[in-house]
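# Architecture at a glance
Here is how the chains run, residue by residue.
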Amino acid sequence: MKSTLIAAFLAFALPAAAFAADIQLPADAPVASVTIPDSWNPTEIDHGVEAVSGDDAVYLSIEVADEKTTDKIIEDIFAFLEENGVKVDPATQTEADNKLNGMDVSAIEWEGEDEDGPVSVGVTLLSPRPGKLLLMTYWGSKGDQEKHLNDFVGIIASIKPVK
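All chains use their own residue numbering, which begins from 1 and follows the written sequence. In keeping with the predicted nature of the model, local features appear solely for residues at pLDDT of at least 70, side-chain atom pairs appear and are counted solely at 80 or more, and the whole-chain, interface and lining totals rest on all residues. Side-chain measures were taken over the full set of non-hydrogen atoms in the model, leaving aside hydrogen atoms and water.

Bringing the overall build of the protein chain into the picture now. Each helix is a run of DSSP H or I of at least 4 residues and each strand a run of E of at least 2, with the numbering of both proceeding from the N terminus. Scanning the protein chain from terminus to terminus reveals 3 helices and 11 strands. The secondary structure elements of the protein chain, listed N-terminal to C-terminal, are α-β-β-β-β-β-α-β-β-β-β-β-α-β. With a 1.4 Å probe rolled over the protein chains alone, any residue whose accessible area is under 20% of its type maximum counts as buried; one over 50% counts as exposed, and the rest are partly exposed. Going through the 163 residues of the protein chain one by one, you find that 42% of them count as buried. Partitioning the contacts of the protein chain with sequence separation of at least 6, the portion at a separation of at least 24 is 51%. Shrake-Rupley sampling with a 1.4 Å probe provides the accessible areas, and residues are treated as covered by the protein chains on show and by no other component. Accessible surface, the protein chain: about 8500 Å² in total, of which carbon and sulfur atoms supply 52%. Two residues qualify as a contact provided that any one of their heavy atoms is within 4.5 Å of a heavy atom in the partner residue.

Structure follows, in structure tokens:
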């Protein structure tokens, strides 16, 4: 089975019910927008947005960074995962580069586990404009995350740079 992120990048935008309005990233000076279903309860965080599927099987965050903040946000991502008991297996790391809505995309994924069992973890960097990056973090429970593939593909396909 192809990885969830790669499938999302290669997929066309899928129709989905109950989508929220576009979320501007960041809200005060947008460089990108994303559409997340209301059922995922999108919440504004310091540098972007986070959302969790209704059954807590999938966590997603998208944060805006620049040259000064990228390293700190990446450190915070891994600290967050560690605080939540997520352990990745470095031997399972895969990497892929792609394009999405005109943006360069680099995805790194791992297999791992948390207190509930096997998980998939991904960190994806998207470049909506020179000097700005979107850092997307994905953490999903194996066996349950697949139920949310259509929503996830729709969210990924909706990420667009703001001109």
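Still more to cover.
Okay, the confidence of the model for the protein chain next. Confidence scores labelled pLDDT are given residue by residue by the predictor and lie between 0 and 100. When pLDDT is averaged along the protein chain, the result is 88, and 87% of the positions lie at 70 or above. Note that residues 1-17 has pLDDT below 50 and, in this model, 32 contacts with residues that lie over four places away or in other chains.

With respect to burial, strand E2 (residues 32-37) is a largely interior element, 6 of its 6 residues being buried. Neither face of E2 is left uncovered, since the one carrying Ala32, Val34 and Ile36 and the one carrying Ser33, Thr35 and Pro37 both have all their residues buried. Pairing between two strands requires that DSSP report at least two bridges joining them. In the sheet, E2 pairs with strand E11 (residues 160-161) via 2 bridges, with the strands oriented antiparallel. Within E11, the position partnered with Ala32 by the bridge is Pro161.

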